Amino acid sequence: MKRGDFSVNDSRLGRSTEIGLTPEVAALAHELKTPLSLIRQLALFANQDGLSEVQLQQSLERITATTDRAVRLVGDLTKVFSMKDSELVTVDTEPVNVASLCEEVAHELWPLCVANDKQIEIPSVRGPFIAVGHRELLRRVLINYADNAIKYSDDESVVRFSLSRKSGNIRVGVRDSGPILSRSDISRSVKSAPLTGRPLSSGLGLGIAEYFAKCMQGETGSIRHKDGMTFYVSIPSSEQLSLL
Amino acid sequence: MSIIKVLLLEDDRWQADLYESQLKSEGYQVQVASSPHDAVMMMDDFSPSVVIADVLLKGNTVFPFLHELASYEDTWNVPVILITTEAEMISGTNLTQYGVVRVLDKSTMGVDDIITATRRVLNEG
């Protein structure tokens, strides 16, 4: 064991695990410190005397939403590490109705939108958008993008999903109107997280999304706009319908 | 008694709401900037007595903004309070050249700490 590493006895699994002080652990600690600090401050605020009912209710909603974000991040990381453990470089794929998945994600994140004074818009599409992917991983990628867009978009703006077909792939984009990261920022976020180093404050999610996309033989990318960005995931389109 | 103006640079709206609410309840006049660019724009018109700023901002840090403040005759001496989850990482750094007089740790600070720090900074000034 190296200096600084430590071991944890997991009584449920009946084994001892060595925890190395790796960049992944540092990245996770850094990423979780922000929501945990906010939850703590919101709780302290809510515990003050003299708050109105509205202030109290708003604080509780924000505590819930911030906790949800942190739990999602931990869940995604747990998924990444469980996949690494089992050496699943790729995952079993199946046809996924991407349009309906976008609706599901928008529905799931609606409370977060309301709490942030944002709207979320899903595209009305003609015909099926069926991809070959892993539904759960794709859902996590889209939630990740939309969650970030909701959190960092300008006030009262709209977060928009988009769907398109390109070179045998289906591309799902999430457009925000937030600050524009430079190419080097994005590159640094993706390259350094989650597996190789310390990310920017919102970089871990992008790294996880890229990892999940690769597991589905897909890829991620981003497009800069004058007033925001689109983050997208591109995965193979299903050929099933064309065979009918 | 004149109203004391506080410029708050914080990109997390919920965090900004908390600080703004606390500062306003103590009678301070507060303007919130969500980016260094907005903060620079506000400096001239608002002329704050103190700046309270987060360190890690969206796609940037606070330091280009602080450097900008330090570059101008009318802003170099505006005291700055940093408020950050990275307090332990920057606590040993010499930030006085940027006008930083206090560093508050978001992960341990109490509800009144921002008020106490602001008062002290203004009294010391």
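Residues numbered from 1 in each chain as written. Chains lettered and ligands numbered in written order. Predicted model: local features only at pLDDT ≥ 70, side-chain atom pairs only at ≥ 80, totals over all residues. Heavy atoms only, no water.

Caption draft 1: Representation of the overall build of chain B. In terms of regular secondary structure, chain B is built from five helices and seven strands. Its helices and strands taken in sequence order, chain B reads β-α-β-α-β-β-β-α-β-α-β-α from the N to the C terminus. Compactness check: chain B gives a C-alpha radius of gyration of 13 Å against a globular reference of 14 Å for 125 residues, within 12% of the reference. Its C-alpha atoms give chain B principal-axis dimensions of roughly 35 × 30 × 30 Å. By the burial criterion, 49% of the 125 residues in chain B qualify as buried. Pairs at least 24 residues apart make up 60% of the contacts formed inside chain B by residues separated by at least 6 positions. As presented, chain B carries roughly 6000 Å² of accessible surface, and 48% of it is formed by carbon and sulfur atoms. Computed over 8 positive and 19 negative side-chain charges, the inter-centroid distance for chain B is 6 Å. (Helix = DSSP H or I, 4+ residues; strand = E, 2+ residues; numbered from the N terminus. Rg over C-alpha atoms; globule rule 2.2 N^0.38 Å. Buried < 20%, exposed > 50% of the residue type's maximum accessible area, 1.4 Å probe, protein only. Contact = heavy atoms within 4.5 Å. Areas by Shrake-Rupley, 256 points an atom, 1.4 Å probe, with all protein chains shown as cover. Lys, Arg positive; Asp, Glu negative; His and termini not counted. Charge placed at Lys NZ, Arg CZ, Asp CG, Glu CD.)

Caption draft 2: Summary view of the overall build of chain A. The secondary structure content of chain A amounts to eight helices and nine strands. The 244 residues of chain A split such that 45% are buried. Within chain A, residue pairs in contact and separated by at least 24 positions form 71% of the contacts whose partners lie at least 6 positions apart. Accessible surface, chain A: about 13100 Å² in total, of which carbon and sulfur atoms supply 52%.

Caption draft 3: Structural view of the packing of aromatic side chains. Residue and element names in this part refer to chain A. Evaluation of the coordinates by the stated rule reveals three aromatic pairs over all chains. An angle of 55° between the planes, with centres 6.4 Å apart, marks the rings of Tyr211 and Phe212 as tilted. When its relative accessible area of 17% is taken as the criterion, Tyr211 is described as buried. Just above the ring of Phe129 sits the side chain of Arg165; from NZ or CZ to the centre is 4.0 Å. One residue, Arg171, lies across the ring of Tyr232, its end atom 3.7 Å from the ring centre. (Phe/Tyr/Trp six-rings, centres within 6.5 Å; stacked < 30°, edge-to-face > 60°. Lys NZ or Arg CZ within 6 Å of the ring centre and 35° of its normal.)

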